[in-house]
Protein chains: 4
Amino acid sequence: MIVEMRTGTTPEEIDGVVQRAKSLGLGVQLNLGTEKAVVALLGSNTGQIPTDLFAVLPGVASVTRIMKPYKLASREFKAENSVVNINGVEVGGKRIVVMAGPCAVENEAQLMEAARIVKQCGASVLRGGAFKPRTSPFSFQGLGEAGLEMLSRAKERYGIPVITEVVDTHDVSTVASHADILQVGSRNMQNFTLLAAIGKNSCPVVLKRGFSCTVTEWLTAADYVLAGGNSQVILCERGIRTFEDTTRFSLDISSIPVIRKVSHLPVIVDPSHAAGHWSLVPALAKAAVAAGADGLLIEVHPNPKEALVDGLQSLTPSDFARLMEELRTIAKSVGRYI
Amino acid sequence: MIVEMRTGTTPEEIDGVVQRAKSLGLGVQLNLGTEKAVVALLGSNTGQIPTDLFAVLPGVASVTRIMKPYKLASREFKAENSVVNINGVEVGGKRIVVMAGPCAVENEAQLMEAARIVKQCGASVLRGGAFKPRTSPFSFQGLGEAGLEMLSRAKERYGIPVITEVVDTHDVSTVASHADILQVGSRNMQNFTLLAAIGKNSCPVVLKRGFSCTVTEWLTAADYVLAGGNSQVILCERGIRTFEDTTRFSLDISSIPVIRKVSHLPVIVDPSHAAGHWSLVPALAKAAVAAGADGLLIEVHPNPKEALVDGLQSLTPSDFARLMEELRTIAKSVGRYI
Amino acid sequence: MIVEMRTGTTPEEIDGVVQRAKSLGLGVQLNLGTEKAVVALLGSNTGQIPTDLFAVLPGVASVTRIMKPYKLASREFKAENSVVNINGVEVGGKRIVVMAGPCAVENEAQLMEAARIVKQCGASVLRGGAFKPRTSPFSFQGLGEAGLEMLSRAKERYGIPVITEVVDTHDVSTVASHADILQVGSRNMQNFTLLAAIGKNSCPVVLKRGFSCTVTEWLTAADYVLAGGNSQVILCERGIRTFEDTTRFSLDISSIPVIRKVSHLPVIVDPSHAAGHWSLVPALAKAAVAAGADGLLIEVHPNPKEALVDGLQSLTPSDFARLMEELRTIAKSVGRYI
Amino acid sequence: MIVEMRTGTTPEEIDGVVQRAKSLGLGVQLNLGTEKAVVALLGSNTGQIPTDLFAVLPGVASVTRIMKPYKLASREFKAENSVVNINGVEVGGKRIVVMAGPCAVENEAQLMEAARIVKQCGASVLRGGAFKPRTSPFSFQGLGEAGLEMLSRAKERYGIPVITEVVDTHDVSTVASHADILQVGSRNMQNFTLLAAIGKNSCPVVLKRGFSCTVTEWLTAADYVLAGGNSQVILCERGIRTFEDTTRFSLDISSIPVIRKVSHLPVIVDPSHAAGHWSLVPALAKAAVAAGADGLLIEVHPNPKEALVDGLQSLTPSDFARLMEELRTIAKSVGRYI
């Protein structure tokens, strides 16, 4: 941590910084320039110490953090890539894992048809929401536990692991008893009580990026799950909020190589929620694989025209089948397979 | 809702839109231009019907919503201003209500001293966090129930209502038994299970704006609480995330007149979290009152240099006393008082 | 254009809208709903008529534009893809065109070495800035005309077309006499006098996206060049400004399929300025090709450690050679070649 | 400047940093921590040295700038507030200077009527655009030199200084011969050739903030004008681009106290372009004065319903008269006058 003193600071003010650093067990090195005095604070946990503790002291102009605030999710903490195992499906290895299915579980027939299609096309995991966090209280809120049971039956019938969202701290173990992977939605990325509860479970989790959270905040949120003892964390980029309005969100494709560089966790991409329109999904899915993503989370509906939720961003079965073919070629061109 | 058809659309495609509209009970008016066909959908609930239901149909180019997605929070639903009553303190009337205190309850002595100061300076409500949602799991997480009990004692001793944050659905009634107002933090604005739980309680609530949510989404979130039967909702602008980095967030001062125009709910401003630095707080607080805010939520700490959380954005007692004097003058100049 | 009237509007107010529409030669269709009256305005040029002309009228609640404000750049204006010809190098066809070289022309030796390397690796165009728009007046501002002459010599010696930036209206013809393609930088995308001057020239132009401009504004800016008679416009996505800070800008990968859908103009990608760091450039370049970009604009420097400008985002010759190999494989997997 | 080395850096790499620093005349102080080595670079011009010069060196993990990139605009360069004198009207003193008038000069009658009104209501400067930078080439582009001449006549007739925009480097002296203050629009804030040309003129200038530029970039742009020798620079906050869509831009009210803190230049606010709707202008104008702005730039039109440009954000004469009364009261409450 670097503490820059104001021009004309006094020796007493500098000493105030030094004393506080020592009280926190930090090493100190002084740089007394002609125009500016700068104090460098050294120690292994400066990423976790609030900068405010120094910024409030008299004579301090600014405090800059050198260490990152996240720790367990960092590549410095664990150098080799983590591989998450979902009942035999490995995420983070050579294989690109495609998770596909409808946004919401609507009824048994729809889900079974979706499961059949995505399995047939080569997807490794079936997605489907039972608890739906909707922006309006007047929208369809999902089937709840009945939806979870349908997911369990689809999983059994088609032999495909399922992923579904959990929205309440107290539902974690129920959802985990039906699903093979939990999903934390974008709006809950900083619901820290939920993250802490999942940390105490052993079920793998896909942690979607908050649509206005930085990569650093995302990895710090992952630390909440990891700190609880659950190391099965998969990150999922799903677009960030910007001023651009031709897409629902702006897919931050750069986050893939950035995470690869600074973290050991696998990262997948959801092109459907980012785009908001099915016609843009194939281009984004292909870009994600080319950029190094470990998997994809894609909305597919047996009949998007009748979907209760997000029909516009869902692929039809035939569009999904065609996309899977294209993705296989791209995967091969980057030394991977689906 | 306005459905624009693609150039060269067929009569069958237009009929598809008309049939779906009729199945949803909507009125229809056709505009067959020379270049574009446009279908207007009429009805009182078009704000709540997902645009996707039409956007997925063949031949549709775009769907534009005219009605807003929020309903109960709108001025069209209720024309006159709502006034929220917090044990006798009215928010939304002539008086500008100042809620002040430390970010976190740290210990009994700190809280009592804070209560004494803010009461003396003329604040109407004491703030203090017992459950702290922190971005890192390694940061101080608040005192929890012990903090709630300290708040109860401060309230009794100084005769001042208290506001504190609730972060878990299952804590709502416990927190409401200690606090006079619940606070929903920015990161929980779209935690819909939490909002629904608060909707079933009768305790007034301050709903902070999600730092990347639009005014429309904010009012739609308020609908969750209102739809549950709790009409005591106060909105709180606390800054949005932008590219600017000299402040922690960018206070969206325009949201005050916008909300005044489209909603009947009272709106207050938190200049402390927006600014992130105590030196900017007075200018923002004065701007908020001049722009028409019904109140302020300000961080004040007996000794910011020793604060465990957010010390840099906390005012000292003497700075707060001075600011209150200035705010009284501004309030008077816009026909209000503190 | 859709004009929504306020609740309780009067027949006189509706007539005011109708009269203004007629005075502008627009067709009108009335939708008198039970809650809202809506007026649809029909005509072929409603994309160019300011919405304010109606929004200011009494009784009007909102005005929504259905037609896009851009015209000449739209796919509705020209259905088939445009191909821009740069002295024999076609942009917008099957071939993916790589433009590469240093950010700034620093001296003859550096430029010649860069030209040799990029040509050898298979790039089709040499880039190099002679006029550098720098954020600080105290930074290196480029070699100016001397730089243009070096570019001319490199072009002659290595038989490779060159692209360079133009920053002043009055330099357009001089720059065009040396360069094969003009470049308009991000900060000048809405320098309309510059765009108009380029529109009167016949030299092809790469129009970089303003880092905070929407796709719609970008295409409307392209209309300035096209309206002047210059149809040789190539769009270049180079990242937009967001809150994310691990990259210099956020590459908006979605803009590629969006532009493909709504415009006939070719689009290329500059991964170097978006990333701001050489280590992220390969992933972004590969993603761009997979997403359907027609070309790339990449910074390569013979010795980035000694670069005067943007060394951190420049690839070394060997990294560039390796990337070109990888790009060839990706290009093939999407049915194209380099 | 702080250079953080990667974990496991070698003495040779550290020496590479030290040698480069010395070659640039910088002082060096080493901090060899147990986990990280950090090199502090000291010198008076580190704000102007590109961080890339160090970031490219082997072993470097990150480079953090402590000094600001702007210099002449900083309060460290000049401690006391600058006052800009516009033919006797002082901006930056006790008086709050209101500049008002139509967005565009449309014809002599409109301008004269506008001049009469704003003068009568107490505005100190008349605004009116002769060269209009419009996002579409098919929109009204302004009257050009004929408009400048009308401004000269209005100025003479009503004895009020005028401000108008300059958009082309080669028009600076012509515009300056008619206007008392030049205006640089938001889209030209980083048109560095234009800024350099204005720097060589002696006419005062209002430098509007680029709608996606940080405060730091804005002050660095001001340095371009100041470096040329023109010290008469007034900054103008006019809203930044964010995701919020109920206003045209988001007025960054915090920029006022931030600039007051870090710069000596006067700062005014344009609430009209930020809001995009006349009904929001009064609240924003009042907030600006309360926050400490030195002036306002407000759009007023004799008849907004007939305005050729931006009618929706223009105040009517009677609304402007009422606002001026309210502003006088607010100004008084912060110890100033209009």
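Residues numbered from 1 in each chain as written. Chains lettered and ligands numbered in written order. Predicted model: local features only at pLDDT ≥ 70, side-chain atom pairs only at ≥ 80, totals over all residues.

K.L.:
Break down the overall build of chain A for me, citing the residues and quoting the values.
P.N.:
In terms of helices and strands, chain A carries eleven helices and 14 strands. By principal-axis analysis of the C-alpha atoms, chain A measures approximately 75 × 45 × 40 Å. Counting only residues that meet the buried cut, chain A has 62% of its 338 residues in that class. The contacts of chain A with a sequence gap of at least 6 include a subset with a gap of at least 24, amounting to 66%. (Helix = DSSP H or I, 4+ residues; strand = E, 2+ residues; numbered from the N terminus. Buried ≥ 20, exposed ≤ 12 C-beta atoms within 10 Å, placed from the backbone. Contact = placed C-beta atoms within 7 Å.)

K.L.:
A description of the interface of chain C and chain A should follow, citing residues and the corresponding values.
P.N.:
If you look at the interface, chain C gives 34 residues, while chain A gives 34 residues. The set of elements that each furnish at least two residues to the side of chain C that touches chain A consists of helix 8 (255-262), helix 9 (271-275), helix 10 (281-291) and helix 11 (317-333) of chain C. It is helix 10 of chain C that provides the largest number of residues to the side of chain C that touches chain A, a total of seven residues. Here the residues of the side of chain C that touches chain A are counted per class, giving 18 nonpolar, eleven polar and five charged. (Nonpolar A, V, L, I, M, F, W, Y, C, P; charged D, E, K, R; others polar.)

K.L.:
Tell me about the domain arrangement of chain A, and please be specific about residues and values.
P.N.:
In terms of domains, chain A is made up of domain 1 (2-64) and domain 2 (84-333). Its C-alpha centre places domain 1 of chain A at a distance of 44 Å from the equivalent point of domain 2 of chain A. (Domains from an automatic or database assignment.)

K.L.:
Tell me what's going on with the nonpolar core, and back it up with residues and numbers.
P.N.:
In terms of nonpolar packing, the biggest core is built from 504 residues, with Leu284(A), Leu284(B), Leu284(C) and Leu284(D) touching the most fellow members. When near neighbours in sequence (up to four residues on either side) are disregarded, Leu284(A) contacts Leu251(A), Pro271(A), Ala274(A), Ala275(A), Ile253(C), Ser254(C) and Ala291(C). (Core = buried A, V, L, I, M, F, W, Y, C linked by C-beta atoms within 7 Å.)

K.L.:
How would you explain the packing of helix 10 (residues 281-291) of chain D against helix 11 (residues 317-333) of chain D if you had to name every residue and give the values?
P.N.:
Each pair of packed helices can be summarised by the angle the axes make with each other and by the distance between the axes. All names here are of chain D. Taken N-terminus to C-terminus, the directions of helix 10 and helix 11 make an angle of 25°; their axes are 9 Å apart at the nearest point. Classified by the angle their axes make, helix 10 and helix 11 are roughly parallel. Helix 10 and helix 11 meet at a crossing whose hand is right-handed. Touching Pro-282, Ala-285, Lys-286, Val-289 and Ala-290 of helix 10 are Leu-323, Glu-326, Leu-327, Ile-330 and Ala-331, all from helix 11. In terms of residue class, the contact of helix 10 with helix 11 is built from eight nonpolar, no polar and two charged. (Axes fitted to C-alpha atoms, helices over the stretch in contact; angles between N-to-C directions. Parallel < 35°, antiparallel > 145°, perpendicular 65-115°, else oblique. Left-handed = near helix turned anticlockwise from the far one by under 90°.)

K.L.:
Residue-level account of the environment of Pro282(B), with values.
P.N.:
Residue and element names in this part refer to chain B. When you line up the elements, Pro-282 lands in helix 10 (residues 281-291). The exposure class of Pro-282 is buried, given the 22 C-beta atoms found within 10 Å. Placed ten residues apart in sequence, Pro-282 and Ser-272 show a C-alpha to C-alpha distance of 9.2 Å. Not counting chain neighbours up to four residues away, the residues in contact with Pro-282 comprise Leu-323 and Glu-326.

K.L.:
Residue-level account of the relation of the copies chain C and chain A, with values.
P.N.:
When chain C is fitted onto chain A, the two copies agree to an RMSD of 0.0 Å after a turn of 180° and an axial shift of 0.0 Å. When the rotation and shift are considered jointly, the pair of chain copies conforms to a two-fold rotation axis. When C-alpha distances to the rotation axis are compared across chain C, the minimum falls at Ala287(C), with a value of 2.0 Å. In this assembly the copies share their binding face: 100% of the residues contributing to the interface of chain C also contribute to that of chain A. (Least-squares fit on C-alpha atoms with pLDDT ≥ 70 in both.)

K.L.:
Could you give an account of the interface of chain C and chain D, naming the residues involved and the relevant values?
P.N.:
Between chain C and chain D, the contact holds 37 residues from the first and 37 residues from the second. Contributing elements (two or more residues each) for the side of chain C that touches chain D: helix 2 (52-55), helix 6 (192-199) and helix 7 (215-228) of chain C. Ranked by residues supplied to the side of chain C that touches chain D, first place goes to helix 7 of chain C with five residues. Among the residues making up the side of chain C that touches chain D, the classes are represented as 15 nonpolar, 13 polar and nine charged.

K.L.:
Mind laying out the sheet that holds strand 3 (residues 37-42) of chain C, listing which residues take part and the relevant values?
P.N.:
Strand pairs in the sheet, formed through backbone hydrogen bonds, run parallel or antiparallel to each other. Residue and element names in this part refer to chain C. Taking strand neighbours across the sheet as the criterion, the four strands line up as 2-3-1-4 in an open arrangement whose pairing is antiparallel. This sheet does not close on itself; its edge strands, each paired only once, are strand 2 (27-32) and strand 4 (60-64). In this sheet, neighbouring strand axes are inclined to one another by 20° on average, regardless of whether the strands run parallel or antiparallel. Looking at chain direction, strand 2 and strand 3 are connected through six bridges and run antiparallel. Within strand 3, the position partnered with Asn-31 by the bridge is Val-38. Against the sheet, helix 1 (residues 11-23) makes contact with strand 1 (2-5), strand 2, strand 3 and strand 4, and its axis sits at roughly 5° relative to strand 3, the strand it touches most. (Pairing = 2+ DSSP bridges.)

K.L.:
Run through the sheet that holds strand 3 (residues 37-42) of chain B, naming residues and quoting values.
P.N.:
Residues and elements named next belong to chain B. Taken in spatial order, the four strands of this open sheet run 2-3-1-4, and their pairing is antiparallel. Strands at the two margins of the open sheet, each flanked by one partner only, are strand 2 (27-32) and strand 4 (60-64). When the angles between neighbouring strand axes are averaged without regard to direction, this sheet yields 20°. Where strand 1 (residues 2-5) and strand 3 come together, three bridges link them in antiparallel fashion. Residue Ile-2 lies in a different strand from strand 3, and its bridge partner there is Ala-40. Where helix 1 (residues 11-23) meets the sheet, its contacts fall on strand 1, strand 2, strand 3 and strand 4, and the angle it forms with strand 3 comes to roughly 5°.

K.L.:
Describe unusual backbone geometry, listing the residues and the values that go with them.
P.N.:
Phi at Asn87(B) is positive, roughly 45°, even though this residue is not glycine. Relative to the helices and strands, Asn87(B) resides in the loop between strand 5 (84-86) and strand 6 (89-91). Phi at Asp310(C) takes a positive value of approximately 55°, unusual for a residue other than glycine. Residue placement: Asp310(C) occurs in the loop between strand 14 (295-299) and helix 11.

K.L.:
So what about the environment of Ser279(A)? Which residues, and what values?
P.N.:
Residue position: Ser279(A) is located in the loop between helix 9 (271-275) and helix 10 (281-291). Separated by 36 residues in sequence, Ser279(A) and Leu315(A) have C-alpha atoms that sit 8.2 Å apart.

K.L.:
Break down the pairing of strand 11 (residues 205-208) of chain C for me, citing the residues and quoting the values.
P.N.:
Residues and elements named next belong to chain C. A two-sided burial pattern is seen for strand 11, the buried positions comprising Val-205 and Leu-207 on one face and Val-206 and Lys-208 on the other. Here strand 10 (residues 181-184) runs beside strand 11; their pairing, made up of three bridges, is parallel. Paired with Leu-182 across the bridge in strand 11 is Val-205. Regarding topology, helix 6 serves as the crossover connection from strand 10 to the parallel strand 11, and that connection is right-handed. Where strand 11 meets strand 12 (residues 233-237), four bridges bridge the pair, whose relative direction is parallel. By the bridge assignment for strand 12, Val-206 is matched with Ile-234. (Right-handed = clockwise from strand over helix to strand, strands pointing away.)

K.L.:
Which residues make up the relation of the copies chain C and chain D, and what values go with them?
P.N.:
The two copies are related by a screw operation: chain C maps onto chain D through 180° of rotation and 0.0 Å of translation along the axis, at an RMSD of 0.0 Å. Most of the interface of chain C is mirrored in chain D: 100% of its interface residues are interface residues there too.

K.L.:
How would you summarise the confidence of the model for chain A if you had to cite specific residues and measurements?
P.N.:
Residue-level pLDDT values for chain A average 93, and 99% of them are 70 or greater. In the predicted assembly, ipTM is 0.93 and pTM is 0.94. (pLDDT = per-residue confidence, 0-100.)

K.L.:
Just give me the short version of helix 10 of chain C, but keep the residues and values in it.
P.N.:
The buried fraction of helix 10 of chain C is high, at eleven of eleven residues. Looking one or two residues beyond helix 10 of chain C, the residue adopting positive phi is Gly292(C), at roughly 110°.

K.L.:
With reference to specific residues and values, describe the packing of helix 3 (residues 108-121) of chain A against helix 4 (residues 145-158) of chain A.
P.N.:
Residues and elements named next belong to chain A. As a packed pair, helix 3 and helix 4 sit with axes 10 Å apart at the nearest point and diverge in direction by 35°. Two packed elements cross with a definite hand, and for helix 3 against helix 4 that hand is right-handed. Between helix 3 and helix 4, the residues in contact are Glu-108, Leu-111, Met-112, Ala-115, Arg-116 and Lys-119 and Met-150, Ala-154, Arg-157 and Tyr-158, respectively. For the contact of helix 3 with helix 4, the class distribution of residues is six nonpolar, no polar and four charged.

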